[in-house]
Amino acid sequence: MTLENLTLEDEFVAIAPMNTSHIDGLFAAGNDPSIWQWTTESYCLTLENTTNWVNTCLEKAQLNQLQPFVIIDKTQGRIVGSSSYLNIFLEHKAIEIGFTFLHPSVQRSFVNRRCKFLLLTHAFETLKMNRVAFQTHEKNHKSRTAILALGASFEGIQRDCKIQQDGSIRSSAIYSIIKSEWPQTKANLLAKLTLPNNIKA
């Protein structure tokens, strides 16, 4: 099995395979320093950072180590962030969703949950994964709350596993959803999907 470069989308968001034409859009979405407080690198803080990061992502994609996407808010017609499949173990039917960032203007909006729903649905129903994992900085409580809201289960803390860009040592909180949990998790997520503020049900 190999990963395919597919665009995943619904009426309001699209998750498209990353390419070099997205560099300017990713820089515009990611040049707010607040985005990178809990990350090991500031991937899109400068145009140079963004270019290097995109090229690294595409190199890893060629090796099937990463599948990077840009997140498009279709109501605005612009890139508002990025997410990826990573830690890909197709032989074990396990994958992780990560490297996710969103422009502050769309954080806590309809965008993140809809994107995660698309990525999870594709992972479980098309790629036939047994496990989808998430991880975040142990101290990133906003991210941890958002992961739990997806229906993922907390597995534990991977202690002192990374070094942050400020030199501090990071422990990561690990979460997962497994195949047997997906039908109920999917139903719960569907009930939580929200609409853009300017769209009425």
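Residues numbered from 1 in each chain as written. Predicted model: local features only at pLDDT ≥ 70, side-chain atom pairs only at ≥ 80, totals over all residues. Heavy atoms only, no water.

Participant: Can you help me understand the packing of aromatic side chains in this one?
Facilitator: Geometry of an aromatic ring pair is reported as the spacing of the ring centres plus the angle between the planes. Applying the stated criterion across every chain, the model contains 10 aromatic pairs. Look at Y43 and F99: their rings are 5.8 Å apart centre to centre, the planes differ by 70°, and that puts the pair in the edge-to-face class. You can see Y43 sitting in the loop between α1 (23-30) and α2 (47-62) and its partner F99 sitting in strand β5 (residues 94-102), a full 56 residues away along the chain. Residue Y43 is classed as buried on the basis of its relative accessible area of 10%. Ring pairing ties together the aromatic residues W36, Y43, W53, F99 and F101, which thus form one cluster. (Phe/Tyr/Trp six-rings, centres within 6.5 Å; stacked < 30°, edge-to-face > 60°. Helix = DSSP H or I, 4+ residues; strand = E, 2+ residues; numbered from the N terminus. Buried < 20%, exposed > 50% of the residue type's maximum accessible area, 1.4 Å probe, protein only.)

Participant: I tried to follow the pairing of strand β4 (residues 78-89) on my own but got confused; where do I start?
Facilitator: Taken residue by residue, a regular strand's side chains alternate between the two faces of the sheet. With nine of 12 residues buried, β4 lies mostly within the body of the structure. Relative to β4, strand β3 (residues 66-73) is paired through eight bridges, and the arrangement is antiparallel. Bridge pairing links P68 to S84 in β4. In sequence, β3 turns back onto β4 through a hairpin of four residues, with G77 there showing a positive phi of about 70°. (Pairing = 2+ DSSP bridges.)

Participant: Mind showing me how you'd approach the environment of Y175 here?
Facilitator: Note on placement: Y175 falls in strand β8 (residues 169-178). Y175 sits in the buried class, given a relative accessible area of 1%. Distance from Y175 to N49, taken between C-alpha atoms, is 29 Å for residues 126 residues apart in sequence. Other than its neighbours up to four places away in sequence, Y175 contacts V132, A133, F134, R144, I147, L148, A152, S153, F154 and E155. (Contact = heavy atoms within 4.5 Å.)

Participant: Whenever I open this one, helix α4 (residues 141-150) confuses me. Can you help?
Facilitator: Residue pairs spaced three or four apart in an α-helix point in one direction, given the helix's 3.6 residues per turn. Regarding α4, the residues found buried are R144, I147 and L150. Down the axis of α4, the buried set is contained in an arc of 115°. They therefore lie on one face. Those residues of α4 that are exposed and angled more than 90 degrees off the buried face are H141 and T145. Residue G151 follows α4 closely and has a positive phi angle near 105°. (Arc of directions from axis to C-beta.)

Participant: How should the nonpolar core be read in this particular structure?
Facilitator: Most often, soluble globular proteins have nonpolar side chains that are buried together. In this structure, Y85, I95, V111, L120, V132 and F134 are the most contacted members of the largest nonpolar core, which totals 36 residues. If we ignore the near neighbours within four places in the chain, the residues touching Y85 are L8, L66, Q67, F69, I95, E96, I97, L119, H122, A123 and L127. Listed in part, the 17 residues of the second largest apolar core include A16, C44, W53 and I79. (Core = buried A, V, L, I, M, F, W, Y, C linked by side-chain atoms within 4.5 Å.)

Participant: It is not clear to me how the confidence of the model for the chain should be interpreted in this structure. Could you clarify?
Facilitator: Reading predicted coordinates in detail is not appropriate for stretches of low pLDDT. The predicted model of the chain averages 94 in pLDDT, with 97% of residues at 70 or higher. The weakest mean pLDDT in the chain belongs to α4 at 95; the strongest belongs to α1 at 98. (pLDDT = per-residue confidence, 0-100.)

Participant: How do you make sense of the environment of S180 when you look at a structure like this?
Facilitator: Locating S180 in the fold gives a position in the loop between β8 and α5 (182-192). Once the C-alpha coordinates of S180 and N130 are considered, the two residues, 50 residues apart in sequence, prove to be 8.1 Å apart.

Participant: How should unusual backbone geometry be read in this particular structure?
Facilitator: Most peptide bonds take the trans configuration, and most residues that are not glycine carry a negative phi. The backbone of N64 shows a phi angle near 65°, a positive value even though the residue is not glycine. Within the secondary structure layout, N64 lies in the loop between α2 and β3. Exposure remark for N64: the relative accessible area of 28% places this residue in the partly exposed category.

Participant: What is the right way to read the pattern of salt bridges from this model?
Facilitator: Side chains that differ in sign of charge can pair as their charged atoms come close. Enumeration over the complete set of coordinates arrives at four salt bridges. Across the pair D10 and R114 runs a salt bridge whose closest N-O atoms are separated by 2.9 Å. A residue pair is termed long-range when its members are at least 10 positions apart, and D10 in the loop between β1 (8-9) and β2 (13-17) and R114 in helix α3 (residues 110-126) qualify at 104 residues. The residue E125 makes a salt bridge to K186 at a minimum N-O spacing of 2.8 Å. With E125 in helix α3 and K186 in helix α5, this residue pair connects regions lying 61 residues apart in the sequence. According to the relative accessible area criterion, E125 is partly exposed, its value standing at 33%. (Salt bridge = Lys/Arg side-chain N within 4 Å of Asp/Glu carboxyl O.)

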